[in-house]
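# Fold and geometry: a report
This is what each chain is made of:
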Amino acid sequence: MAHGFKRTRKGIVGRFEAPEVRLLQKLFSDVGETLEPEPRADQDPLETLVGWDEDVPEPTDPALRRLLPAASSDPQEAAEFRRLTDRSLRERKTAALRASSLALESEPVVLTAEQAQDFARSLNDVRLVLASRLRIDSTQDAERVAGLTDFGKADSVEEYMGVVYNFVSWLQESLMTALLKTLPSR
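Residues numbered from 1 in each chain as written. Predicted model: local features only at pLDDT ≥ 70, side-chain atom pairs only at ≥ 80, totals over all residues. Heavy atoms only, no water.

In the nomenclature of an unreviewed UniProt entry, the protein is known as DUF2017 domain-containing protein of Kocuria tytonis.

This is the structure in structure tokens:
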């Protein structure tokens, strides 16, 4: 069973069993795939090469909209911001997910403060996707899912996702607590 993250002299350390590592790596991979942009037949190859996107539509997948939210309530401003930032934001998130997955290859997992920040971002992205899939939009929705903590008692896909959501939330909390301990004292 995972022991969460702790700050040590070596860095921020987490210990996981093989099934937990496989689960986290699968989650990181799935979110990375979700972030892959939809291929467009009409896109100019030069635009693709240099990373320029003239028209970037708002995602239709609710989970992807949580990962890449509109930057403004004004549709024109939001579209312009998305056009300028969508590709780099996707690339940064995907890079953090890959680095986090790679960090899980060692036992124990030992992270620097910078690596821990990437790992925390990755866990947050997983939580956002799971929250979207579980339709967690209010305190009541969160309370509905909060009691799901035992993989052995999950009888449906939704209950299993709820258990995974709670595991990832607990893990992120332990990581954030360890990261806070790296801040200089006042």
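## Notes on the environment of Glu114
Examined against the element boundaries, Glu114 turns out to sit in helix H5 (residues 113-133). Along the primary structure Glu114 and Glu80 are separated by 34 residues, whereas in three dimensions their C-alpha atoms are 30 Å apart. (Helix = DSSP H or I, 4+ residues; strand = E, 2+ residues; numbered from the N terminus.)

## Topic: unusual backbone geometry
Put simply, Glu107 and Pro108 share a cis peptide bond, and its omega is 0 degrees. Mapped onto the elements, Pro108 comes out in the loop between helix H4 (75-103) and strand S3 (109-111). Phi at Arg135 takes a positive value of approximately 55 degrees, unusual for a residue other than glycine.

## Examining the packing of aromatic side chains
Enumeration according to the criterion identifies four aromatic pairs in this entry. An angle of 70 degrees between the planes, with centres 5.4 Å apart, marks the rings of Phe5 and Phe119 as edge-to-face. On the criterion of sequence distance, the pair formed by Phe5 in strand S1 (residues 5-8) and Phe119 in helix H5 is long-range, its members being 114 residues apart. Pair check on accessibility: Phe5 and Phe119 agree, each one buried. Note on Phe28 and Phe119: the rings are 5.5 Å apart at their centroids and 85 degrees apart in plane angle, and the pair reads as edge-to-face. Taken together, the residues span a long stretch of sequence, with Phe28 in helix H1 (residues 18-35) and Phe119 in helix H5 at a distance of 91 residues. Here Phe28 matches Phe119 in class, with each residue buried. Ring pairing ties together the aromatic residues Phe5, Phe16, Phe28 and Phe119, which thus form one cluster. (Phe/Tyr/Trp six-rings, centres within 6.5 Å; stacked < 30°, edge-to-face > 60°. Buried < 20%, exposed > 50% of the residue type's maximum accessible area, 1.4 Å probe, protein only.)

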